[in-house]
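The chain contents come next:
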Amino acid sequence: MNTTIAMPLIKEGETFRFVREERQLPPPAADEVRLRVTNCGVCGSDISRWKGGAYHYPIVIGHEFAGVVEYDPRGELDGRLTAVFPILPCHECEPCKNELYAMCAHYDYYGSRRDGAFATHLNVKRDNLILLSEGVDSESAAMCEPTAVALHALRRPRTVEGKRVAVYGAGTIGLLLLRTAKLLGAAETYCFDPDPDKLASALKNGALPLDDNASPDIFIDACGKSAALIDMLRRAKPRAEIVLLGNPSGDVLLAKADYWQILRRELTLYGTWNSQHGVSRSDWRDVLDYMADGRLAVRDMITHRFPLEQAEDALSTLASGKACKVMLKMEEV
Ligand SMILES: [Zn+2]
Ligand SMILES: [Zn+2]
């Protein structure tokens, strides 16, 4: 038995809070390793879990993490720095057979359905490890998850290369979309965000403001607001493509005139969900390759770092809307 310090979220009446717990960690199963968590990013989706939207309580949240293999029962991976794909697929259903694990009918998930990485140690499946290549630090590795989500979204339209891409929302995912779109050869990127500070950081990332002169081929929603989709439908030129990524903040309703645009202009709407990591294709390995050879830098997006015990402060900092990436830092690697 080993111990871990975890920060489970507990429910007390109608309120939710983190508590510090020292727990026994069982020895890793044959298909697992024991990971010493070095970093865990805080995600926008964690805010809703913090406010009562988790599947169950208590739960240890945290799905954007990296760490060092502290103990591998097979003795192969000890000491290796790794990112972790958080989805645990059933490997039985039809999406799983096509390696579309994010669409698995019976998946489990570190930090959402089962305990995640707001902890010093965690047993994780070997299949979920994405070992780091030289030149990738643990903070960038912990940003692999949102970066893979951005790359996955950009792979939904026919091609980004040579296209003008407009992103709505300049949070972490929005900025990652802008950077990755350029990396994939986008001719131009545009951004809309009502927050002037956030828009300013999008412009610093090479985007142009989405004004009336812009004529995007591809629109990506990274904010989940009805108003964004309506604006896209009104701006879209014939055969434009729209990628819907942002978690909806409420019902998304369309007026008939806006709906007509989808038909008359033959628009294509794509949903995008999570990221793909399989043998045939892995957004994760591609992201790590981009990071390793310096084509994609993400570490500068981390604006706030907190020790594990300050999980509450980390969540409220992100919820304030004034932070970009907020990260828990357990260890310097
Ligand atoms: Zn996330
Ligand atoms: Zn499945």
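Conventions used here
Residues numbered from 1 in each chain as written. Chains lettered and ligands numbered in written order. Predicted model: local features only at pLDDT ≥ 70, side-chain atom pairs only at ≥ 80, totals over all residues. Heavy atoms only, no water. Helix = DSSP H or I, 4+ residues; strand = E, 2+ residues; numbered from the N terminus. Rg over C-alpha atoms; globule rule 2.2 N^0.38 Å. Buried < 20%, exposed > 50% of the residue type's maximum accessible area, 1.4 Å probe, protein only. Contact = heavy atoms within 4.5 Å. Areas by Shrake-Rupley, 256 points an atom, 1.4 Å probe, with all protein chains shown as cover. Lys, Arg positive; Asp, Glu negative; His and termini not counted. Charge placed at Lys NZ, Arg CZ, Asp CG, Glu CD. Pairing = 2+ DSSP bridges. Right-handed = clockwise from strand over helix to strand, strands pointing away. Core = buried A, V, L, I, M, F, W, Y, C linked by side-chain atoms within 4.5 Å. Domains from an automatic or database assignment. Polar contact = N/O pair within 3.5 Å; in protein donor to acceptor, adjacent residues only side chain to side chain. Donors = N, O, S within 2.8 Å, 3.2 Å for Na, K, Ca; no water. Tetrahedral: all angles 85-135°; square planar, octahedral: opposite > 155°, others 65-115°.

K.L.:
Where do I start with the overall build of the chain in this structure?
P.N.:
Along the backbone of the chain there are ten helices and 19 strands. In terms of C-alpha radius of gyration, the chain reaches 20 Å, essentially the compact-globule figure of 20 Å for 333 residues. Viewed in the frame of its principal axes, the chain has a C-alpha envelope of about 65 × 45 × 40 Å. Across the 333 residues that make up the chain, the buried fraction comes to 54%. Intrachain contacts of the chain at a sequence separation of at least 6 include 69% that bridge at least 24 residues. For the chain, the exposed surface amounts to about 14800 Å²; the carbon and sulfur share of it is 50%. Measuring between centres, the 40 positive side-chain charges of the chain sit 5 Å from its 46 negative side-chain charges.

K.L.:
Teacher, can you tell me more about the pairing of strand β12 (residues 164-168) here?
P.N.:
In regular strands, side chains alternate between the two faces of the sheet. Taking burial as the measure, the five residues of β12 include four buried ones, the bulk of the element. Sheet topology note: the β12/strand β13 (residues 188-192) ladder contains five bridges and is parallel. Bridge pairing links A166 to Y190 in β13. In this view, the connection linking β12 to its parallel neighbour β13 by way of helix α5 (residues 172-183) has right-handed handedness.

K.L.:
Even after reading the chapter, I still don't get the environment of D221, so can you show me in this structure?
P.N.:
Along the chain, D221 turns up in strand β15 (residues 218-221). Distance in space between the C-alpha atoms of D221 and I242 is 7.7 Å, their sequence separation being 21 residues. With residues up to four places along the chain from it excluded, the contact list for D221 reads Y168, A228, M232, V243, L244, L245 and G246.

K.L.:
What is the right way to read the nonpolar core from this model?
P.N.:
Nonpolar side chains in soluble globular proteins tend to end up buried together. L177 and I220 are the most contacted members of the largest nonpolar core, which totals 56 residues. Counting residues per element, the ones that place at least two in this core are β6 (64-71), β7 (81-84), α3 (138-142), α4 (144-154), β12, α5, β15 and α9 (283-292). Among the elements that line this core, the one with the most residues is α4, at seven residues. For this core, the domains that each give at least three residues are domain 1 (2-146 + 275-329) and domain 2 (157-271).

K.L.:
Help me understand the side chain of N205 in this model?
P.N.:
Position of N205 among the secondary structure elements: in the loop between α6 (196-204) and β14 (208-209). Residue class for N205 comes out buried when judged on its relative accessible area of 18%. In this structure the side chain of N205 is engaged in a polar contact, spanning 2.5 Å, whose partner is the side chain of R179.

K.L.:
What's the story with the coordination of the zinc ion (ligand 2) in this structure? I'm lost.
P.N.:
Looking at the zinc ion (ligand 2), one finds its protein donor set to be C90 (SG), C93 (SG), C96 (SG) and C104 (SG), positioned 2.3 Å from the metal centre. Around the zinc ion (ligand 2) sit four donor atoms, and with donor-metal-donor angles ranging over 101 to 121 degrees the site reads as tetrahedral. Sequence spacing of the donor residues for the zinc ion (ligand 2), all on one chain, is C-x2-C-x2-C-x7-C. Here C96 and C104 have matching classes, each one buried.

Taken by themselves, the reported measurements are silent on function.
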